[in-house]
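Fold and contact review
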Amino acid sequence: MMNNYNSDFSLVAINSSLMERQATDKILACNEEIKKYGLVLTEQQALALVQTRTNALKENKRIELNGGIVDKLILAFCNSPYVDKDTYEDTLHELISLFYDLKNNTWDTISDDDVIEFMKNAFNNRCHGSLELLAGEALRLSEHIHCGKTIKTFKED
């Protein structure tokens, strides 16, 4: 019986490693687009972003099968006037965590693309690049959703 458990665990570890490699490759593929904005992510940075994603998923008790959120965030925020090559990676780590928190706090009632659009619009406009203000906007949106309303009726102050 112990051999089956060890075998199953090995398969999970191999599968997890493969998924992390695929997620890292998707991130590195974004370099083609983001270099237009003077940005680039190294393999080490990509691995760190995948780890942040993994940690955020664990913290929020979520699973994700496609791993496509990090690359979507990378591409959504690469042209922001508030990111540069020195702050880009740190900003992405915060955005990844905030994304999964927001998905949980809005009870998955908002599509991934709409969450990213909300975050980008707030970050670039109302928040003027402040991640702290963006977290506040995310909290306001969550409270709005908890009152039975939708993202379409959310008022941007």
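Here the structure is a predicted model, which is why all the values come from computation and not from measurement.

Here we come to the pattern of salt bridges. For the structure on display, the rule yields 11 salt bridges. Salt-bridge contacts for Arg21 lead to Asp25; the nearest nitrogen and oxygen are separated by 2.7 Å. In this pair, Arg21 and Asp25 both sit in helix 1 (residues 2-29), four residues apart, roughly one turn of the helix. Residue Asp25 is classed as partly exposed on the basis of its relative accessible area, which comes to 41%.

With that settled, consider the nonpolar core. Membership of the largest hydrophobic core comes to 40 residues, with the highest contact counts inside it found for Ile74, Tyr88 and Met119. Going through the elements one at a time, helix 1, helix 3 (43-59), helix 4 (69-77), helix 5 (88-105), helix 6 (112-124) and helix 7 (131-146) are the ones with two or more residues in this core. The dominant element in this core, judged by the number of residues it contributes, is helix 5, at eight residues. Discounting chain neighbours no more than four positions away, the residues touching Ile74 are Ile27, Cys30, Ile34, Leu41, Leu49, Tyr88 and Leu92.

The subject of this paragraph is the environment of Glu143. Within the secondary structure, Glu143 sits in helix 7. Judged by relative accessible area, Glu143 falls into the partly exposed class, the value being 43%.

Moving on: the side chain of Asp71. As for its position among the elements, Asp71 is in helix 4. It turns out Asp71 is buried and unbridged, and the closest side chain with the opposite charge, Lys26, is 4.2 Å from it. Excluding residues within four positions of it along the chain, Asp71 makes contact with Lys26 and Cys30.

Conventions used here
- Residues numbered from 1 in each chain as written.
- Predicted model: local features only at pLDDT ≥ 70, side-chain atom pairs only at ≥ 80, totals over all residues.
- Heavy atoms only, no water.
- Salt bridge = Lys/Arg side-chain N within 4 Å of Asp/Glu carboxyl O.
- Helix = DSSP H or I, 4+ residues; strand = E, 2+ residues; numbered from the N terminus.
- Buried < 20%, exposed > 50% of the residue type's maximum accessible area, 1.4 Å probe, protein only.
- Core = buried A, V, L, I, M, F, W, Y, C linked by side-chain atoms within 4.5 Å.
- Contact = heavy atoms within 4.5 Å.
- Lys, Arg positive; Asp, Glu negative; His and termini not counted.

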